[in-house]
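These are the residues of each chain, in order.
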Amino acid sequence: MRHVADWIEAARVNNEEWLQRCDEQGRPLKLLKIGSLAQAIAEADKAMRRFAFNAAAAPHIDGEGEESVMTFADGSRIVRLLTPAALDRESAMMGHCVGQGAYDAAVKDRSRIIYSLRDAKNKAHVTLT
């Protein structure tokens, strides 16, 4: 359920076009077509894949918007993600929804802390929210 809620919140934050296509009562048609939780999850997954693909193509600078908080002997480390751009990059690496916009405000105002476990080559393996 949280994944679906994140998808809808990200759509709202990003003012996704499909939210403007509504019935006479103002309900988004896309949501009205969903008949089960499995279908809602599939829609959220599809949006997540599209976002991750686009985020992966965006230019980025390694380490920008991140803060190392712990380093291990093998070179792996835990980094705190500090900006929406860092969340987007994490989504691109991990293929999940943390960077789609639903967490941006909370990371900016520091009401939510998000960490990433990175290997010695800075590849993400786990995201902690």
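From a predicted model like this one, the values you see are computed outputs, not experimental measurements. Sequence order as written defines residue numbering, which begins from 1 separately in each chain. Thresholds applied to this predicted model are a pLDDT of at least 70 for local features of residues and 80 or more for the giving and counting of side-chain atom pairs; totals over whole chains, interfaces and linings are not thresholded and use all residues. Note that water and hydrogens are dropped before the side-chain values are worked out from all heavy atoms of the structure.

Draft legend 1. Structural view of the pattern of salt bridges. The term salt bridge refers to a pairing of a side-chain nitrogen on Lys or Arg with a carboxyl oxygen on Asp or Glu at a separation within 4 Å. In total, this model carries 9 salt bridges according to the counting rule given. Two residues, arginine 118 and glutamate 90, come together in a salt bridge whose shortest N-O distance is 2.9 Å. Taken together, the positions of arginine 118 in strand 3 (residues 114-118) and glutamate 90 in helix 4 (residues 84-94) put the pair 28 residues apart, joining distant regions of the chain. When sorted by exposure, arginine 118 lands in the same class as glutamate 90, which is buried. Connected via shared salt-bridge partners are Glu66, Arg89, Glu90 and Arg118. Note on conventions: DSSP H or I runs of at least 4 residues are helices, E runs of at least 2 residues are strands, and numbering of each starts at the N terminus. Only protein chains enter the calculation, and the probe is 1.4 Å; a residue is then buried if its accessible area is under 20% of its type maximum, exposed if over 50%, and partly exposed in between.

Draft legend 2. Representation of the environment of glutamate 67 in the model. Secondary-structure assignment places glutamate 67 in strand 1 (residues 66-71). Taking relative accessible area as the criterion, glutamate 67 reaches 37% and is therefore assigned partly exposed. Separated by 48 residues in sequence, glutamate 67 and tyrosine 115 place their C-alpha atoms 9.3 Å apart. Contacts of glutamate 67, omitting those with residues within four sequence positions, involve Ile78, Val79, Arg80 and Leu82. Every residue pair with non-hydrogen atoms within 4.5 Å of one another is taken to be in contact.

Draft legend 3. Layout of the sheet that holds strand 1. The 4 strands lie next to each other as 1-2-3-4, forming an open sheet whose pairing is antiparallel. Strands at the two margins of the open sheet, each flanked by one partner only, are strand 1 and strand 4 (124-128). Between one strand axis and the next, the sheet turns through 25° on average, direction left out of account. Strands were regarded as paired on the criterion that DSSP finds at least two bridges between them. Two elements, strand 1 and strand 2 (residues 77-81), share 5 bridges in a ladder whose sense is antiparallel. The partner of glutamate 66 across the bridge, within strand 2, is leucine 81. In the packing of helix 4 onto the sheet, the strands contacted are strand 1, strand 2, strand 3 and strand 4, and the crossing angle to strand 4 comes to about 125°. Axis definition: a line fit to C-alpha positions, over the contact stretch in the case of helices; interaxial angles, taken between N-to-C directions, run 0 to 180 degrees.

Draft legend 4. Just the confidence of the model for the protein, in detail. The quantity known as pLDDT measures the predictor's confidence residue by residue, on a range of 0 to 100. Of the residues in the protein, 95% have a pLDDT of 70 or more, and the chain-wide mean is 87. When mean pLDDT is compared element by element in the protein, strand 2 scores highest at 95, while helix 3 (residues 37-57) scores lowest at 82.

Draft legend 5. Seen up close, helix 1 (residues 2-13). With 12 residues, helix 1 should reach 16 Å at 1.5 Å per residue; the first-to-last C-alpha distance of 16 Å fits that figure. Of the residues flanking the end of helix 1, it is asparagine 15, one or two places downstream, whose phi is positive at about 50°. In a helix, the anticipated span is given by 1.5 Å times the number of residues less one.

Draft legend 6. Summary view of empty space enclosed by the protein. Within this scheme a cavity is a closed region of a 1 Å grid, computed over the protein atoms alone, that accommodates a 1.4 Å probe without allowing it to escape, whereas a pocket is open but has protein on both sides within 12 Å along at least five of seven lines; lining residues each have an atom within 4 Å of a point. Grid points are joined across faces, edges and corners, and a volume is the space filled by probe spheres set on the points. Here the structure, examined in full by the defined rule, presents 1 cavity of 30 Å³ or more. Roughly 30 Å³ of internal volume is contained in the largest cavity. Together, Trp7, Trp18, Lys30, Glu43, Lys46, Ala47 and Arg50 line the largest cavity. Top contributing element to the lining of the largest cavity by residue count: helix 3, with 4 residues. Each residue receives one of three labels: charged for Asp, Glu, Lys and Arg, nonpolar for Ala, Val, Leu, Ile, Met, Phe, Trp, Tyr, Cys and Pro, and polar for the others, Gly being one of them. By residue class, the composition of the lining of the largest cavity is 3 nonpolar, no polar and 4 charged.

Draft legend 7. How the structure looks around a nonpolar patch on the surface. Each patch is built from residues that are more than 30% exposed by relative accessible area and take part in no salt bridge. Like charges join if they lie within 9 Å; nonpolar side chains (Val, Leu, Ile, Met, Phe, Trp, Tyr) join within 5 Å. Areas reported as accessible are Shrake-Rupley estimates using a 1.4 Å probe. Residue values count occlusion only from the protein chains shown. Nonpolar side chains collect at one region of the surface, where Met1, Leu37 and Ile41 lie side by side and expose about 300 Å² of accessible area between them. Secondary-structure assignment places leucine 37 in helix 3. When its relative accessible area of 42% is taken as the criterion, leucine 37 is described as partly exposed.

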